[in-house]
Amino acid sequence: MFGLGKKDEDGKQVRIEHRGKYTRASRTGGVYVRGEQKVGPVNLTTNSSKGLRASTRIANGARVAFQNGRFQLIGRWRAGPLGFNLSKGGVSASAKNWAGTFNFLKPQYSSFKFAGVQLRGKKAAQLQLVYMLIMAAVVVMIFGARLFVFVLWLLTLPVIFAWDFAIGFIRGVRGAI
């Protein structure tokens, strides 16, 4: 209850909240109730804090809606750590990593979390860039080490082959005598 001890797919604590079938109570959002009904292809949802919404799916990951008389266009697609969002206000692309999320098109919506402290905005975007540069350097070093071992192995193979061939030839000649 209240999400205490519940972890997300990255092993981090999820929001502290209570989610029931028709109710939700959270620290920041307050308490609200909702009801929903499907009428043909249209979903009707009423919410005590957001009002009435009518929505329908137009494609995989995309939907259009009217909420309190306002038009909404929402699309959310995710492939691994990369995400792409579409709304009537524009598009955004982001990458999720261990330290948070970096938004490529709107850096002010980035987040960074370290030692239990979460930052958002430009400071988070700067820290995310530093973090990603450090991770890129580590990946390049690992790739360089693996490439070095691979090239060393490729250069050693002809020497080992020549050595083995010479030993076999000498043993064959000695055995024939």
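Refer to the structure above for everything that follows.
Presented here is a report on the structure given in the accompanying data block. This structure is a prediction, so every number in the text was calculated from the model and none was measured.

Details of the overall build of the protein
Looking only at helices and strands, one finds 1 helix and 12 strands in the protein. Listed N to C, the secondary structure of the protein is β-β-β-β-β-β-β-β-β-β-β-β-α in terms of helices and strands. Overall, the C-alpha framework of the protein stretches about 100 × 40 × 35 Å when taken along its three principal axes. Within the protein, buried positions represent 18% of all 177 residues. Partitioning the contacts of the protein with sequence separation of at least 6, the portion at a separation of at least 24 is 8%. With the model as given, the accessible surface of the protein reaches about 13700 Å², and the carbon-plus-sulfur share is 67%. Looking at charge distribution, the protein has the averaged site of its 27 positive side-chain charges lying 10 Å from that of its 6 negative ones.

A closer look at helix H1 (residues 122–176)
In an α-helix, one full turn covers 3.6 residues, which means residues spaced three or four apart are oriented alike. For H1, which comprises 55 residues, the first-to-last C-alpha distance of 80 Å matches the rise-based estimate of 81 Å (1.5 Å per residue) to within 8%. Maximum bend of H1: about 25 degrees, positioned at Thr156, with proline Pro158 one to four residues after it. What H1 keeps buried is the set Ala124, Ala125, Gln128 and Tyr131. Buried residues along H1 sit against strand S9 (90–97), strand S10 (100–103), strand S11 (111–114) and strand S12 (117–120).

A look at the pattern of salt bridges
When charged atoms on two side chains of opposite charge get close, those side chains can pair. Per the stated rule, a full pass over the model turns up 1 salt bridge. A salt bridge links Glu36 to Arg34; its shortest N-O distance comes to 2.9 Å. Here Arg34 falls in the partly exposed class, since its relative accessible area comes to 31%.

Quick look at unusual backbone geometry
The phi dihedral of Asn68 falls on the positive side, at around 50 degrees, and the residue is not glycine. Relative to the helices and strands, Asn68 is located in the loop between strand S6 (62–67) and strand S7 (70–79). For Asn68, a relative accessible area of 46% gives the class partly exposed. Positive phi values are uncommon outside glycine, yet Ala115 reaches one of about 55 degrees. By the element assignment, Ala115 lies in the loop between S11 and S12. When its relative accessible area of 70% is taken as the criterion, Ala115 is described as exposed.

Describing the sheet that holds S9
The strand order across the open sheet built from 12 strands is S1-S2-S3-S4-S5-S6-S7-S8-S9-S10-S11-S12, with neighbouring strands paired in antiparallel fashion. Both outer strands of the open sheet, strand S1 (17–19) and S12, are each paired with one neighbouring strand and no more. Ignoring strand direction, the axes of neighbouring strands in this sheet form an average angle of 20 degrees. Relative to S9, strand S8 (residues 82–87) runs antiparallel, the two being bridged by 6 bridges. Within S9, the position partnered with Gly83 by the bridge is Ser94.

Some details on a nonpolar patch on the surface
A contiguous nonpolar surface patch, about 900 Å² in accessible area, is contributed by Phe143, Leu147, Phe150, Val151, Trp153, Leu154, Leu155, Leu157 and Ile160. Inspection of the secondary structure assignment puts Val151 in helix H1.

Calculation notes
Residues numbered from 1 in each chain as written. Predicted model: local features only at pLDDT ≥ 70, side-chain atom pairs only at ≥ 80, totals over all residues. Heavy atoms only, no water. Helix = DSSP H or I, 4+ residues; strand = E, 2+ residues; numbered from the N terminus. Buried < 20%, exposed > 50% of the residue type's maximum accessible area, 1.4 Å probe, protein only. Contact = heavy atoms within 4.5 Å. Areas by Shrake-Rupley, 256 points an atom, 1.4 Å probe, with all protein chains shown as cover. Lys, Arg positive; Asp, Glu negative; His and termini not counted. Charge placed at Lys NZ, Arg CZ, Asp CG, Glu CD. Expected span 1.5 Å × (residues − 1). Bend = angle between axes of the 7 residues up to and from the residue. Salt bridge = Lys/Arg side-chain N within 4 Å of Asp/Glu carboxyl O. Pairing = 2+ DSSP bridges. Axes fitted to C-alpha atoms, helices over the stretch in contact; angles between N-to-C directions. Patch = residues over 30% accessible without salt bridge, like charges linked within 9 Å, V, L, I, M, F, W, Y side chains within 5 Å.

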